[in-house]
Amino acid sequence: MTNSTLEIGSTAEKRRRISFGVALVVTGLAIYLLFAVNTQPGALTTFGLNLLGSRAVEVSDLVVPALPAIYLLAAVAVFSGAYQMARGVRSTGWLVGILAFTFVTAFLLWGARDKSFNLTGMLSSSLVRATPIALAALCGVISERAAVINIGVEGIMLIAAQVAVVTATVSGSLYVGLLCAILIGGLIAAFHAFIVIRFRVDQVVSGVAINIFGTGVTSYISSRFMQAAGDKLNNSGTFPIIAIPGLSKIPVLGPVLFENNLIVYLTILLVIVMHILLYYTPWGLRTRAVGEHPKAADTLGVNVYLMRYVNVIIGGMIAGIGGAYFTIGSVGRFDEIMTAGKGFIGLAAMIFGNWNPIGAYTSSLIFGFADSLQVKLQILRVPIPSEFLLMAPYIVTMIILTGVVGRAVPPAADGQHYEK
Amino acid sequence: MSNTTALETKEKKRSALRSELLVPALAVLSGLILGAIVILVSGENPLLAYGALFKGSFGNPLDLIGGLQTYFSTGETRALLRAIYPFTESLVTATPYIFAGLSVALGFRCGLFNIGAEGQFFIGALCSAFVGYSIQGLPMIVHLPLAILAGALGGALWGMVPGYLKARFGAHEVVNTIMMNWIAFRLSDWLLNGPMKSSGFRPVTPNVLATAELPRIFPDPLRFNLGFFIALLAAYAVYWFLFKTTLGFEIRSVGANPDAARYAGMSVIRNFVLVMALAGGLAGMAGTAQVLGVDHWVGQGFSAGYGFDAIALALLGKSHPFGVVLSALLFGFLRSGATNMQSMARIPIDIISIIQGMVIIFIAAPDIIRWLYRMREVKKEETVLTRGWGS
């Protein structure tokens, strides 16, 4: 009996090993066929490392001969694929990393041949674009660690975005706007928690209702009040870029990490704080216990309901910050349905990040990268219709969700009601 | 003895049915009351607004009487047609809702949450439009079914992808169907600006040929068409499929308890793919009905709002095909009337989304309604609508 299961396990393992190897070899071949064939020998790709208007020390741009570099990347992919098939590598993360890195880099080398491509600008915008996704993901992490699914992040962010811009415009202070966004986020999340815990409403259904309600109420307010009022309600300005003295002078890293606005910094801070809270404090231990085995936690004297309320509300506040990003953090005005699925992408980032804050942030960065890549490629005039490039983040989400979710393990009691 | 128990069960059934119908009715009522409060807060008169809503959805009763009088005295139909116009327009609005609601309801029955009706709707509409305008010289009897089939197949394909990913890899359908929505929107942007663009300036498809149009029942401008009856037929077909066939039983078993179904030898994977394909097909048919029956062309934002509305419909109809038809009619009247309300009482049509969000919450939490209206608790099995992140 044990033998046969072992064997089945090893065949499955073998099959996965082979399929990963094949995927890498195919990637190598694709790099060759798609990019190397279409690149003239002697073409140069320039990766700009300086961002216009940043405080960083100037460095010379990175100039790469395109064709040899593409050949090298194809070779790396094929070689690691062959090695994988022959020997097998334990870490699938590395394999996916190699696969993505070789393909994307080769794509950029080809796309930007004979042109200049600002790498620093791209990384910087990746980080910025990852911010709302990361905040949505953090909202998901903290609620689901206490076993409450909050699929209404999208709706919460939309409402918070509107509240932020209106209150900021009326009061004239961006901080008031941010505070109101946080409060409204917490309020809606509290409502979600209340009907889910007190009335045992299906958590996903409640989330969907919040999304519908959010779309409706923001569009209603927008077309009933904001359009007529114009700038009086809907022009707040945005948080200024704060350059951290000293650190922002570092080339490449400086403009990417240390010249951002308040919300971007706040996000990074939240990731760290939440990681510490979740894994190194009694509160975090209780939260995780409530998410994994509420009955056991209850037996040991943890107030399951209270933990769930608190976590969901904190999550909503974080989503509120995410909503504020859309208006007072980036463009300074509200447009209908401006969140454009970012909340859901955030949930995918949460799953990909295995329900922990740092993982969620890392995967948000990948989505942010895909998002900003698409914009840069339009500027480069890559011969692909822009609509297809715009699909990239959504396709990446699906691929990631498909490839990873089987191995990602949600909190055991996730989505279940708890009755004493 | 058997007689009394039979009577008792009959009585029980009747009271169960009553509460089954009472809760949705009260939920809608509560939603409307909250909507009235929102209107009041916006500084308009809710009674006036709802009056405009009623006239927009059912028509003015006085006009109808007048129309009938002219018809019987002179045989002139124009006034009568004008009087029934709002009512038929509501039925026209309800038609895609029936299809889309059935799509989500079918998913719920198998424990799948199809948020992708909107994308499937769009793809279905595009496929139907393409077949409708590009193939020439076919008689209607061939062309129309072909165009309908194209829409159903397109939607089915769009629904099948998340179904397969769910079944094979355990990727959650909620996120994937939403991603498929956005992919569908981008794809349609490209198609409408490129390959499928008509000769004009606007990014819309050419008009479908007359041979692919769903025939209209009344003379213009009444747009009431065959699509409504096809929708009713589809509802019956879904009912028959779910409750009278083995496959339908399997699907409901998988939805009720996947582990038990698997243990009983049912293929969960096959059922997931099948249901998502069928659900996608139904949502695609919604797009088909709209393009072939009403608009005859497809433009950007063609499917906007239908996905979320469909969820509300399925919940309101308790995932039962006939319940879906009833709630689709209700939504048809609301939406169609809201257009009139927007122009008469300056209340943005988005008020309907607000009401819908509230109605969904009330439906999903019958306890709130019972608590609000002090109703007695009815003990019954609760149907599981969704479950976690898969696996």
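Because the structure is predicted, anything quoted here is derived from the model rather than measured.

**Considering the overall build of chain B**
If you tally the helices and strands in chain B, you get 15 helices and zero strands. For the C-alpha atoms alone, the extent of chain B along its principal axes is close to 65 × 50 × 45 Å. Here chain B, with 391 residues, has 54% of them falling under the buried criterion. A sequence separation of at least 24 residues applies to 78% of the contacts in chain B between residues at least 6 apart.

**What to know about the overall build of chain A**
If you tally the helices and strands in chain A, you get 15 helices and five strands. Expected size for 420 residues packed as a compact globule is a radius of gyration near 22 Å; at 23 Å, chain A falls within 12% of this value. If you line up chain A on its principal axes, its C-alpha atoms span 70 × 65 × 40 Å. Per-residue burial for chain A yields a buried fraction of 52% across its 420 residues. Across chain A, every contact between residues at least 6 apart in sequence was considered, and the portion connecting residues at least 24 apart equals 79%.

**As for the confidence of the model for chain B**
Residue and element names in this part refer to chain B. Averaged over chain B, the pLDDT score is 86; the fraction of residues at 70 or greater is 93%. Mean pLDDT per element in chain B: helix H1 (residues 2–41) is the minimum at 77, and helix H8 (residues 227–244) is the maximum at 95. Confidence estimates for the predicted assembly give a pTM of 0.83 and an ipTM of 0.77.

**Focus on the confidence of the model for chain A**
For chain A, the mean per-residue pLDDT works out to 84, and 94% of the residues sit at or above 70. Across residues 1–7 of chain A the pLDDT falls below 50, and counting only partners more than four positions away or on other chains, this stretch makes zero contacts in the model.

**Some thoughts on the environment of Ala167 of chain B**
Residue and element names in this part refer to chain B. Relative to the helices and strands, Ala167 is located in helix H6 (residues 140–169). In sequence terms Ala167 and Phe272 are 105 residues apart; their C-alpha atoms lie 6.0 Å from each other. Apart from residues lying up to four places away in sequence, Ala167 is in contact with Val268, Ile269, Phe272 and Val273.

**Comments concerning the interface of chain A and chain B**
Facing 40 residues of chain A, the contacting portion of chain B comprises 42 residues. Listing elements by their share of the side of chain A that touches chain B, those giving two or more residues are helix H7 (203–229), helix H13 (342–352) and helix H15 (386–404) of chain A. Among the residues making up the side of chain A that touches chain B, the classes are represented as 26 nonpolar, ten polar and four charged.

**So, helix H9 (residues 246–256) of chain B**
Residues and elements named next belong to chain B. Turning to H9, its buried residues number three or more, namely Glu250, Ile251, Val254 and Gly255. Taken around the axis of H9, the buried residues stretch over an arc of 135°, which confines them to a single face. Turning to H9, the residues buried within the fold contact helix H4 (78–109), H8, helix H10 (258–263) and helix H11 (268–295).

**Some thoughts on the domain arrangement of chain A**
Residues and elements named next belong to chain A. Along its sequence, chain A is carved into domain 1 (2–114) and domain 2 (128–404). Relative placement of domain 1 and domain 2: their C-alpha centres are 31 Å apart. Taken together, the contact between domain 1 and domain 2 spans nine residues of the former and twelve residues of the latter.

**A few points about the environment of Ala310 of chain B**
All names here are of chain B. Mapping Ala310 onto the fold places it in helix H12 (residues 306–316). Along the primary structure Ala310 and Ala117 are separated by 193 residues, whereas in three dimensions their C-alpha atoms are 7.2 Å apart. Beyond its immediate chain neighbours, meaning those up to four positions away, Ala310 contacts Ala100, Gly101, Ser103, Val104 and Ala117.

**Considering the sheet that holds strand S2 (residues 62–65) of chain A**
Residue and element names in this part refer to chain A. Across the sheet, three strands lie side by side as S2-S1-S3; this open sheet has mixed pairing. The two strands at the open ends of the sheet, each matched to only one other strand, are S2 and strand S3 (116–118). Taking the axes of each pair of neighbouring strands and ignoring which way they run, one obtains an average angle of 25° across the sheet.

**A few points about the pairing of strand S1 (residues 44–48) of chain A**
Residues and elements named next belong to chain A. With four bridges joining them, S1 and S2 adopt antiparallel strand pairing. The residue bridging Thr46 from the neighbouring strand is Val63, located in S2. Sheet analysis places S1 next to S3, joined by three bridges and oriented parallel. Among the inter-strand pairings, Gly48 is bridged to a residue of S3, identified as Asn118.

**With respect to the environment of Thr95 of chain B**
Its location among the elements puts Thr95 of chain B in helix H4. Residues within four places of Thr95 of chain B in sequence aside, it is in contact with Gly227, Phe228, Ala231, Ala289 and Gly293 of chain B.

**Some points on the packing of helix H5 (residues 117–134) of chain B against H11 of chain B**
Residues and elements named next belong to chain B. Between H5 and H11, whose axes approach to 7 Å, the crossing angle comes to 50°. Overall, the two elements H5 and H11 adopt an arrangement that is oblique. Seen along the crossing, H5 lies across H11 with a hand that is right-handed. The segment H5 lies against H11, with Ala117, Gln120, Phe121, Phe122, Ile123, Gly124, Ala125, Ser128, Ala129 and Gly132 engaging Gly280, Ala283, Gly284, Met285, Ala286, Gly287, Thr288, Gln290, Val291 and Leu292. Class assignment of the residues belonging to the contact of H5 with H11 gives a composition of eleven nonpolar, nine polar and no charged.

**Examining unusual backbone geometry**
One can expect most non-glycine residues to show negative phi and most peptide bonds to be in trans. Notably, Ile337 of chain A is not glycine yet its phi reads approximately 50°, a positive angle. Assignment of secondary structure puts Ile337 of chain A in the loop between helix H12 (304–331) and H13. For Ile337 of chain A, a count of 14 C-beta atoms within 10 Å translates into the label partly exposed. Phi is positive for His296 of chain B, close to 70°, though the residue is something other than glycine. Residue position: His296 of chain B is located in the loop between H11 and H12. The exposure class of His296 of chain B is buried, given the 20 C-beta atoms found within 10 Å.

**As for H8 of chain B**
Residue and element names in this part refer to chain B. Look at H8: 25 Å from first C-alpha to last across 18 residues, which is about the 26 Å you get at 1.5 Å a residue. Those residues of H8 that fall on the buried side of the exposure criterion are Gly227, Phe228, Ile230, Ala231, Ala234, Ala235, Val238 and Leu242. When H8 is viewed along its axis, its buried side chains cluster within an angular range of 155° and face the same direction. Every exposed residue of H8 that faces more than 90 degrees away from the buried side is listed here: Phe229, Leu233, Tyr236, Trp240 and Lys244. Summarising the contacts, the buried residues of H8 are in contact with H4, H9, H11 and helix H13 (321–345).

Parameters and conventions
Residues numbered from 1 in each chain as written. Chains lettered and ligands numbered in written order. Predicted model: local features only at pLDDT ≥ 70, side-chain atom pairs only at ≥ 80, totals over all residues. Helix = DSSP H or I, 4+ residues; strand = E, 2+ residues; numbered from the N terminus. Buried ≥ 20, exposed ≤ 12 C-beta atoms within 10 Å, placed from the backbone. Contact = placed C-beta atoms within 7 Å. Rg over C-alpha atoms; globule rule 2.2 N^0.38 Å. pLDDT = per-residue confidence, 0-100. Nonpolar A, V, L, I, M, F, W, Y, C, P; charged D, E, K, R; others polar. Arc of directions from axis to C-beta. Domains from an automatic or database assignment. Pairing = 2+ DSSP bridges. Axes fitted to C-alpha atoms, helices over the stretch in contact; angles between N-to-C directions. Parallel < 35°, antiparallel > 145°, perpendicular 65-115°, else oblique. Left-handed = near helix turned anticlockwise from the far one by under 90°. Expected span 1.5 Å × (residues − 1).

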